[in-house]
Amino acid sequence: MSNVEAIEQQIEKLSPKELAAFRRWYAAIDAAAWDRQFEADVQAGKLDALADAALRAHTSGQSKPL
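Not measured: the values here are computed from a predicted model.

Looking only at helices and strands, the chain features three helices and zero strands. Helices (α) and strands (β) of the chain occur, in sequence order from the N terminus, as α-α-α. Considered along the principal axes of its C-alpha atoms, the chain spans approximately 55 × 30 × 15 Å. Counting all 66 residues of the chain, 2% fall into the buried class. Split by element, the accessible area of the chain, about 6100 Å² in all, is 60% carbon and sulfur. Across the chain, the 8 positively charged side chains and the 10 negatively charged ones have centroids separated by 6 Å.

Right, dumping it as structure tokens:
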């Protein structure tokens with residue numbers, strides 16, 4: 001049995017209260033990982049082309065106010 005399978009089995013045994021606490025913990029951990037990856041991508045310039053395209057679209061009047 002893999003670690004993931006063992007974890008899945010343990011999660012299935014959690015009470016509703018424990019499951020809610022697990023969800024909160026996992027959401028925070030997952031968000032932090034996403035933030036780190038996003039920051040790394042920004043620093044590496046991986047989003048520069050998208051930002052440039054968005055700015056060009058805005059400058060040419062293709063965007064709408066929110």
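On the surface, a nonpolar cluster with roughly 330 Å² of combined accessible area is contributed by Trp 25, Tyr 26 and Ile 29. Following the sequence through the fold, Trp 25 ends up in helix H2 (residues 16-43).

Attention now moves to the packing of aromatic side chains. What describes a pair of aromatic rings is the distance from one ring centre to the other and the angle between the planes of the rings. In the structure shown here, the tally under the stated rule is four aromatic pairs. Here the aromatic rings of Phe 22 and Tyr 26 are separated by 6.2 Å at their centres, their planes lie at 25°, and the arrangement is stacked. Placement of the pair is Phe 22 and Tyr 26 together in helix H2, with a separation of four residues, close to one helical turn. Judged by relative accessible area, which is 26%, Phe 22 ranks as partly exposed. Taking relative accessible area as the criterion, Tyr 26 reaches 42% and is therefore assigned partly exposed. Through a chain of ring-to-ring contacts, three or more aromatic side chains come together here, namely Phe 22, Trp 25 and Tyr 26.

On the secondary structure map, Asp 30 appears in helix H2. Sequence spacing of Asp 30 and Lys 17 is 13 residues, and the spatial spacing of their C-alpha atoms is 20 Å.

Turn by turn, an α-helix covers 3.6 residues, leaving residues three or four places apart pointing in a common direction. In a regular helix each residue adds 1.5 Å, so 28 residues correspond to 40 Å; H2 covers 40 Å between its end C-alpha atoms and thus fits that length. One or two steps after H2, the chain reaches Gly 45, where phi turns positive at roughly 80°.

Conventions used here
- Residues numbered from 1 in each chain as written.
- Predicted model: local features only at pLDDT ≥ 70, side-chain atom pairs only at ≥ 80, totals over all residues.
- Heavy atoms only, no water.
- Helix = DSSP H or I, 4+ residues; strand = E, 2+ residues; numbered from the N terminus.
- Buried < 20%, exposed > 50% of the residue type's maximum accessible area, 1.4 Å probe, protein only.
- Areas by Shrake-Rupley, 256 points an atom, 1.4 Å probe, with all protein chains shown as cover.
- Lys, Arg positive; Asp, Glu negative; His and termini not counted.
- Charge placed at Lys NZ, Arg CZ, Asp CG, Glu CD.
- Patch = residues over 30% accessible without salt bridge, like charges linked within 9 Å, V, L, I, M, F, W, Y side chains within 5 Å.
- Salt bridge = Lys/Arg side-chain N within 4 Å of Asp/Glu carboxyl O.
- Phe/Tyr/Trp six-rings, centres within 6.5 Å; stacked < 30°, edge-to-face > 60°.
- Expected span 1.5 Å × (residues − 1).

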